[in-house]
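Summary of structural features
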Amino acid sequence: MMDRFSWMAVYPEILLLVMACVIALVDLLDTGRRRMAAYLLSVLTLGVLAVLTGYYAHSGQTVYGFGGLVVSDPMANWLKCFAALAVLATFVYARGYILERGMLRGGEWYVLSLLSLLGIHVIISANNFLLVYLGLECLTLASYALVALRRDHVASVEAAMKYFVLGAMASGFLLYGMSMLYGATGTLDIGGVFKAIASGQIRQQVLVFGLVFIVAGLAFKFGAVPFHMWIPDVYQGAPTAVTLMIGGAPKLAAFAMAIRLLVEGLLPLAIDWQQMLALLAIASLLIGNLSAIAQTNLKRMLAYSTIAQMGFVLLGLMAGVVSNNALGAANAYSSAMFYVVTYVLTTLASFGIVLLLAREGFEHEEIADFAGLNQRSPLYAGIMAVCLFSLAGLPPLVGFQAKLSVLQALISTGQAAHIALAVFAVMMSLIGAFYYLRVIKVMYFDDPVGAAGPISAPWDMRALLSFNGALLLILGIVPGALMALCARAIVQMLAT
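All values reported here derive from a predicted model rather than from experimental measurement. (Residues numbered from 1 in each chain as written. Predicted model: local features only at pLDDT ≥ 70, side-chain atom pairs only at ≥ 80, totals over all residues. Heavy atoms only, no water.)

1. Focus on the overall build of the protein chain
Our working rule: Segments assigned H or I by DSSP are reported as helices when at least four residues long, segments assigned E as strands when at least two residues long, and all are numbered from the N terminus. Throughout, radius of gyration means the C-alpha value; the globule benchmark is 2.2 Å times the number of residues raised to the power 0.38. Whether two residues are in contact is decided by their heavy atoms: any pair within 4.5 Å suffices. Accessible areas in this description were obtained via Shrake-Rupley with a 1.4 Å probe; residue shielding takes into account the shown protein chains only. Positive charge is attributed to Lys and Arg, negative charge to Asp and Glu, and no charge count is given to His or to the chain ends. For this purpose, a charge sits on NZ of Lys, CZ of Arg, CG of Asp or CD of Glu.
A tally of helices and strands in the protein chain yields 22 helices and two strands. Since a compact globule built from 496 residues should have a radius of gyration of about 23 Å, the 22 Å found for the protein chain is in line with a globular shape. Seen along its three principal axes, the alpha-carbon backbone of the protein chain occupies a region of about 70 × 55 × 40 Å. When contacts within the protein chain are restricted to residue pairs at least 6 apart in sequence, long-range pairs at least 24 apart make up 80% of them. Accessible surface, the protein chain: about 18,300 Å² in total, of which carbon and sulfur atoms supply 69%. Taken together, the 25 basic and 22 acidic charged side chains of the protein chain have centroids lying 3 Å from each other.

Below you can see the structure in the form of structure tokens.
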């Protein structure tokens, strides 16, 4: 029989699974208000979930459940809290898209989104290779279905097929790498793999061979080059609400998976995976920024921007490997966590504006569609400008602080190669500023297209967008609290 501490480790997952089933039943009711009921139940569930995981994280406890398969530590709980808040914000931003304009089926949207969040939570708390893979499959299968929700839309179906084929290949890479490590170490437990490798009694060639496939699977979830091919097509082809669901909270799961597998499980092989991450980061920064310049579709441009942004996260992860002490390593990993959290926050606001401007049968996703947005609504043009400036890394916005923290972690290692990487990252950021500024120029200096009038939005969406945009500025000016939270969570995770 499981004790209460075992069940405490999976309370959030149980709540998500139960509420997904309840919302699926609500959607079967023959009532015109079932979509609104599903929306309210989903938002309430996510609010409770964020409070619950935030409380667990603040307590600082580390709880293992189900024979050590699941770990509920401060890092896991904070990431779960942020993921729940990200999905909650996605639901609020997509309310008009779903309920008023009817551009997606309501019930399936909420159920599949909650199931994808369930997969994210499982990945974040996984302490075993099989549980990592189980969470990944739950997340990806729900994501495939979300992308294909518009079955009568050719671009969405094509994007779902590409996502499915490439995602299956990446899952195969990850599973094959895990099987290689299991064959070499005799265990699927992440801590057990660490001990077996650290003993030095296993052939290095077998371990590195498995590690290559593990890193390839992780690179696909991050969207790093050369495993990035799915991101532009899926971002552009999927309904905008689904694009936000895929581009937001799952990045937190990718970060957690990298920490669990590479740091907690494969740290004795760090000299090998650090070089792999360096190559992935360089390629992502270069190809992501250069490819984004040529885009005319905003969603596709933001997709290539995502590839470049993940390059910074990989730089933060690799910087922790060669730090001279545990504090330096924690600082590097926490800078990567801070970067991921702030990137998700920026993504929510930017795609929230795109969702706001969408109308029946028109996604409003071309850069030219944003012409004269400032004349129609200075507030929403300002929020979008703040998002783009933050992604470009301009002070005093939070994107600048995120990039600065990663660059400081790189430079603090004292290695000439890492200093050169930091200079390269800064140069790529300067190139990236061009395509962000181009959108701002269109919003503020071009004339509106057609008879575009003022923009109206539901009060909850208007309030959340304003708060979201304000957070990008506030956290850029006073980032200390969030940085300290990330640092404390990483230190407590490393101490267990």
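2. Re the pattern of salt bridges
Inclusion rule: By salt bridge we mean one thing: a side-chain nitrogen of Lys or Arg within 4 Å of a carboxyl oxygen of Asp or Glu. Here's how the labels work: a residue is buried when its accessible area is under 20% of the maximum for its type, exposed when over 50%, partly exposed in between, all with a 1.4 Å probe on protein chains only.
Summed over all chains, the structure comprises nine salt bridges. In this structure, Glu264 and Arg260 form a salt bridge, with 3.2 Å as the shortest nitrogen-oxygen distance. Remark: Arg260 and Glu264 occur in helix α13 (residues 250-265); sequence separation between them is four residues, near one turn of the helix. Here the two residues Glu264 and Arg260 agree in accessibility, since each one is buried. Salt bridges linked by common partners bring Glu158, Lys162, Asp233 and Arg300 together as one network.

3. Quick word on the nonpolar core
General note: in soluble globular proteins, nonpolar side chains tend to be found buried as a group. Rules: The definition of a nonpolar core used throughout is a set of buried Ala, Val, Leu, Ile, Met, Phe, Trp, Tyr and Cys residues joined through side-chain atoms within 4.5 Å.
In this structure, Trp109, Phe255, Leu261, Leu266, Trp273, Leu317 and Met337 are the most contacted members of the largest nonpolar core, which totals 190 residues. Element by element, the count of residues in this core is highest for helix α16 (residues 326-357), at 21 residues. Look past the residues within four positions of Trp273 in its chain and what remains in contact with it is Leu211, Val215, Leu262, Val263, Leu266, Leu267, Leu317, Val321 and Tyr333.

4. With respect to the packing of aromatic side chains
Definition in use: Here a pair means two rings of Phe, Tyr or Trp (six-membered ring of Trp) with centres within 6.5 Å. Their orientation is stacked below 30 degrees between planes, edge-to-face above 60, and tilted elsewhere.
Evaluated as defined, the whole model comprises 18 aromatic pairs. Pairing Phe209 with Phe213 gives two aromatic rings, centres 5.3 Å apart and planes at 75°, and the pair type is edge-to-face. One end of the pair is Phe209 and the other is Phe213, both in helix α10 (residues 204-222) and four residues apart, which spans about a single turn. Members of the aromatic cluster, each reached through a chain of ring pairs, are Tyr144, Tyr163, Phe164, Phe220 and Trp230.

5. Quick look at unusual backbone geometry
Residue Val225 is joined to Pro226 through a cis peptide bond whose omega torsion reads 10°. You can see Pro226 is positioned in the loop between α10 and α11 (230-237). Of note, the amide linkage connecting Pro395 to Pro396 takes the cis form, showing an omega dihedral of 5°. The residue Pro396 is located in the loop between α18 (378-392) and α19 (398-411) in this model.

6. Observations regarding the side chain of Asn127
Keep this limit in mind: Polar contacts, as used here, are pairs of N or O atoms within 3.5 Å; protein pairs need one atom able to donate a hydrogen and one able to accept it. Residues neighboring in sequence count only if both atoms are side-chain atoms.
Counting through the fold element by element, Asn127 comes out in the loop between α6 (106-125) and α7 (129-147). What makes Asn127 buried here is its relative accessible area of 11%. Engagement of the side chain of Asn127 in a polar contact is seen with the backbone oxygen of Gly68, the distance being 2.9 Å. Discounting chain neighbours no more than four positions away, the residues touching Asn127 are Tyr64, Gly68, Leu69, Val70, Val71, Asp189, Ile190 and Glu264.

7. A word on the packing of α11 against helix α15 (residues 298-319)
Selection criterion: To obtain an axis, a line is fitted to C-alpha atoms, over the contacting stretch when the element is a helix, and the angle between two such axes runs from 0 to 180 degrees between their N-to-C directions. Should the near helix be turned anticlockwise from the far one by less than a right angle, the crossing is left-handed, and should it be turned clockwise, the crossing is right-handed. Amino acid classes used here: Ala, Val, Leu, Ile, Met, Phe, Trp, Tyr, Cys and Pro are nonpolar; Asp, Glu, Lys and Arg are charged; the rest, including Gly, are polar.
Between α11 and α15, whose axes approach to 8 Å, the crossing angle comes to 145°. Both α11 and α15 take part in a crossing whose hand is right-handed. Along its contact with α11, which presents Ile231, Pro232, Asp233, Tyr235 and Gln236, the element α15 presents Lys299, Arg300, Leu302, Ala303, Tyr304, Thr306 and Ile307. Looking at the contact of α11 with α15 residue by residue, the classes come out as seven nonpolar, two polar and three charged.

8. A short note on the environment of Gly476
Among the structural elements, Gly476 can be located in helix α21 (residues 459-477). What makes Gly476 buried here is its relative accessible area of 4%. Taking the C-alpha atoms as reference points, Gly476 and Leu394, 82 residues apart in sequence, are found 9.7 Å from one another. Ignoring sequence-local partners within four residues, the contact set of Gly476 consists of Pro396, Leu397, Val398, Gln401 and Leu471.

9. Observations concerning the packing of α10 against helix α14 (residues 270-293)
Here is the rule we go by: Here the word oblique covers every angle except those under 35 degrees (roughly parallel), over 145 (roughly antiparallel) and from 65 to 115 (roughly perpendicular).
It is at 10 Å that the axes of α10 and α14 come closest, and there the two elements cross at 30°. Of the possible angle classes, the one that applies to α10 and α14 is roughly parallel. In terms of crossing hand, the pair formed by α10 and α14 is right-handed. On α14, the residues that touch Gln204, Val208, Leu211, Val212, Val215 and Ala219 of α10 are Asp272, Trp273, Met276, Leu277 and Leu280. For the contact of α10 with α14, the class distribution of residues is nine nonpolar, one polar and one charged.

10. Focus on the side chain of Ser113
Relative to the assigned elements, Ser113 resides in helix α6. Of the residues examined, Ser113 reaches a relative accessible area of 0% and is grouped as buried. Beyond its immediate stretch of four places on either side in the chain, Ser113 contacts Phe91, Leu146 and Met245.

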